Amino acid sequence: MAVLRRTARAYGAMMAMVPKLFMAYQIWVWMQFIVQIISLVILVSFWSAVYAGESSLSGLTLAQTLNYIILAQIFAPSTDTNMVFELGYMVRSGQIGMRLIQPLDLQLALYVQKVSEIALAFVFNLPLALIGWLLFRYHVPADPLVWLAFLVSLLIGNALLFCFDWILACASFYSTEVWGMGMLRYGVALFFSGALVPLAMMPGWLRTISTILPFSQALYTPVSLLSGITPLSGMPRIWLAQLAALVALGALSRFTFSRAVRQVTVQGG
Amino acid sequence: MSVIQTENLTKIFRVPQKDAGVRGAVKALFQPRYKDVTAVDGVTFSVEKGEVVGYIGLNGAGKSTTIKMLTGILVPSSGQVRVLGRDPHRERVANARQIGVVFGQRTQLWWDLALIESLNTIAKIYEMDPQRYDQLLEQFVDLLDLKDLLKVPVRNMSLGQKMRAELAATLIHEPEVVYLDEPTIGLDLIVKERMRAFIKQQNRETGTTVVLTTHDLGDIEELCQRVIIIDEGKLIYDGPLSAIKERFGKYRQITFEMARDLDGVDLPAGAEIVTQDGRSLVLRFDRTQTTASRVAAAVMEQFNVVDFSLAEPDLSMIVKQIYQGALHPEAV
Ligand SMILES: Nc1ncnc2c1ncn2[C@@H]1O[C@H](COP(=O)(O)OP(=O)(O)OP(=O)(O)O)[C@@H](O)[C@H]1O
Ligand SMILES: [Mg+2]
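Residues numbered from 1 in each chain as written. Chains lettered and ligands numbered in written order. Predicted model: local features only at pLDDT ≥ 70, side-chain atom pairs only at ≥ 80, totals over all residues. Heavy atoms only, no water.

## Side note on the layout of surface pockets
By volume, the second largest pocket is sized at about 1,400 Å³. What lines the second largest pocket is a set of 47 residues, and nearest its centre among them are Thr265 and Gln267 of chain A together with Arg14, Val15 and Pro16 of chain B. Of all the secondary-structure elements, those providing two or more residues to the lining of the second largest pocket are strand S1 (4-17), helix H1 (21-30), strand S2 (33-47) and helix H2 (63-71) of chain B. Among the elements that make up the lining of the second largest pocket, the one with the highest residue count is S1 of chain B (7 residues). Looking at the lining of the second largest pocket residue by residue, the class counts come to 20 nonpolar, 17 polar and 10 charged. (1 Å grid on protein atoms, 1.4 Å probe; cavity = no way out; pocket = protein on both sides within 12 Å on 5 of 7 lines; lining within 4 Å. Points joined across faces, edges and corners; volume = space filled by probe spheres on them. Helix = DSSP H or I, 4+ residues; strand = E, 2+ residues; numbered from the N terminus. Nonpolar A, V, L, I, M, F, W, Y, C, P; charged D, E, K, R; others polar.)

Here's what the structure looks like:
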């Protein structure tokens, strides 16, 4: 028990560093905020134009789609682990050495750091949520159970995406040129996570791909619940599927890392 | 039981070979070629608890690579390492908890945060007892003169300030083994003195084992009783510092400046040429066989000498000789 508490304290300390580091880059946080507002306005206009008088597309009304899109924008940071870039940079610069001399499990340490970063990004999206509400009056559920279900699904989905990204990022130990892969991952995620299009609107085969890829688990799955596209009753089945994916990806990512880290060449020195 | 044990420790890097230009890049993509670089080559040694060992060698000799394998962040290509009875790579986290590392060119501190934030975090990730931490922090601040630096972000520190901060971060969690890879690189004499005194004191008071690489032989002379010398990845000397001093200490060196370029020179028994370059001639002689005046007289008889000087053998002279091959069997 005491061991567990000390371990929690150690990883908690890593987590607590995140807001401090974040504050060091304050000005960029605000710049990003402006970009987000503009994106939101563009997306809303785009979807309103797509509907052009139609009352429903693929079974979704305009109001439902807009509701979904706005919420997806607010929670979009959930898919940004940036792991490929970050681990890639650490290996290239040799800074990985300084991380590996810490008495921490590197994957777990980076995971808690990511969770902390993402939670903070949500906080910084609060003004976006407020302005979005003033402009477009979207709806959020009043039922706390829905919120709880959403949070659980978001947490599992984000964790399984982290494991997936970790596996990709492990390529950094074999090649110093992973930047392109990081860009590819980013583009694919933008589309298949459901940040721009509700998956329900995709043609069947695209939708299948989106469901198989892990990106939607961290965004579409939880947000569709919050926006009312998925009913609460569908949740247990979805959680189970998410948990199964988490266990599988978790095991695979541990295995990949334990192999990859043997390849590490700590540059410089 | 030894704290550190290595046996035939070897690291071979596979370095991709690339020709210049786009063609080279494309070729490398389809037909990658590699060259093997043996950075550390069959090194065997062991270090006992409480020792301070100097690990020296020329640039590229393989010092940093050895340290990286000892810390568990690089996996040896072959051979064995054990630190405190563990394989430092396989049990990296457990090993990391008991060691401290300074890589002179890097930092383990958070670049953008005040030093005190970094130290507080380190205390937590090393699971220190908070009271013990406060006590040591006070002591370290005093010894390393960190008082004015605690609120300063690392990126705003000068090199000397950063290295003092680094040393505090490395030792504050009371590691049993400390690896210092060029801890005094680029520091002025005062800071060097302070760092050396601190390392010495930590070693004396807590019995911390220290492995130190450096190009500053002052560090070695101040801190180490024992040196290990490697050359092109191979161990060429491992023993007490006093032994090499004794062995090479019987030599003296004389440097002559001549009026004209010289060709051949006859020397008395016991003297030999170290370097000969245009008008300057550096000789070394064995004090047990001949004397400075005899050697000088012999040279002056043959040449018009403008200037000459006699040097006591200091450590840097000895090490230079060793690097130049004085330990090779044929040279002894
Ligand atoms: N990551 C790497 N990839 C390829 N070769 C490497 C790598 N790291 C080191 N080397 C090579 O291994 C050899 C030993 O390097 P190392 O850094 O251990 O030397 P060193 O003794 O620490 O030198 P210095 O005194 O300059 O710090 C060098 O020839 C170097 O080029
Ligand atoms: Mg080095």
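## Here's the deal with the sheet that holds S1 of chain B
Residue and element names in this part refer to chain B. Strands sit in the order S2-S1-S4 across an open sheet of 3 strands; the sheet is antiparallel. In this open sheet, the two strands that pair with only one neighbour each are S2 and strand S4 (78-83). Looking at each pair of strands side by side, their axes are set apart by 30° on average, direction ignored. Bridge count between S1 and S4: 5 bridges; the pairing is antiparallel. For Thr10, the partnering residue across the bridge sits in S4 and is Ser78. Sitting on the sheet, H2 is in contact with S1, S2 and S4, with an inclination near 115° to S1. (Pairing = 2+ DSSP bridges. Axes fitted to C-alpha atoms, helices over the stretch in contact; angles between N-to-C directions. Contact = heavy atoms within 4.5 Å.)

## What about the interface of chain B and chain A?
With 32 residues of chain B in contact, the opposing surface of chain A contributes 33 residues. Note on chain B versus chain A: buried area summed over both sides is about 3,100 Å², and carbon and sulfur give 58% of it. The largest contributions to the chain B side of the interface with chain A come from Ile73, Arg106 and Ile125 of chain B, which together make up 21% of the buried area. Applying the counting rule to chain B against chain A returns 1 salt bridge. Taken together, chain B and chain A are joined by 9 residue pairs in polar contact (both at pLDDT 80 or more). Contributing elements (two or more residues each) for the side of chain B that touches chain A: H2, helix H3 (92-97), strand S5 (99-103) and helix H4 (115-125) of chain B. In terms of residue class, the side of chain B that touches chain A is built from 14 nonpolar, 7 polar and 11 charged. (Buried area = accessible area lost by both parts, 1.4 Å probe. Salt bridge = Lys/Arg side-chain N within 4 Å of Asp/Glu carboxyl O. Polar contact = N/O pair within 3.5 Å; in protein donor to acceptor, adjacent residues only side chain to side chain.)

## A short note on the side chain of Thr79 of chain A
With respect to the helices and strands, Thr79 of chain A occurs in the loop between helix H3 (62-75) and helix H4 (83-93). Ignoring any residue separated from it by four or fewer positions in sequence, one finds Thr79 of chain A in contact with Leu161, Arg185, Ser193, Phe215, Ala218 and Leu219 of chain A.

## Some thoughts on empty space enclosed by the protein
Considering all chains together, one arrives at 7 cavities of 30 Å³ or more under this definition. Roughly 80 Å³ of volume is contained in the largest cavity. When contributions to the lining of the largest cavity are tallied by element, the ones reaching two or more residues are H4 and helix H9 (179-192) of chain A. Tallied by class, the residues present in the lining of the largest cavity amount to 4 nonpolar, 4 polar and 3 charged. Contributing to the lining of the second largest cavity are Met98, Ile101 and Gln102 of chain A together with Gln108, Trp110, Ile122, Ile125 and Tyr126 of chain B.

## Re the site of ligand 1
In the region of ligand 1, 16 residues are neighbours, and Gly60, Lys63, Ser64, Thr65 and His215 of chain B sit closest. Surrounding ligand 1 are residues belonging to chains A and B, so the site spans chains. Within the side chain of Lys63 of chain B, one N or O atom sits 2.7 Å away from an oxygen atom of ligand 1. Considering ligand 1 on its own, with 640 Å² of exposed area, one finds that the protein chains cover 74% of that surface. With respect to the detected pockets, ligand 1 is housed in the second largest pocket. Listing elements by their share of the shell around ligand 1, those giving two or more residues are S1 and H2 of chain B. When residues in the shell around ligand 1 are grouped by element, the largest group, 3 residues, is from H2 of chain B. Of the residues in the shell around ligand 1, the class split is 5 nonpolar, 9 polar and 2 charged. (Near = heavy atom within 4 Å. Areas by Shrake-Rupley, 256 points an atom, 1.4 Å probe, with all protein chains shown as cover. Sits in = over half its atoms within 2 Å of the grid points.)

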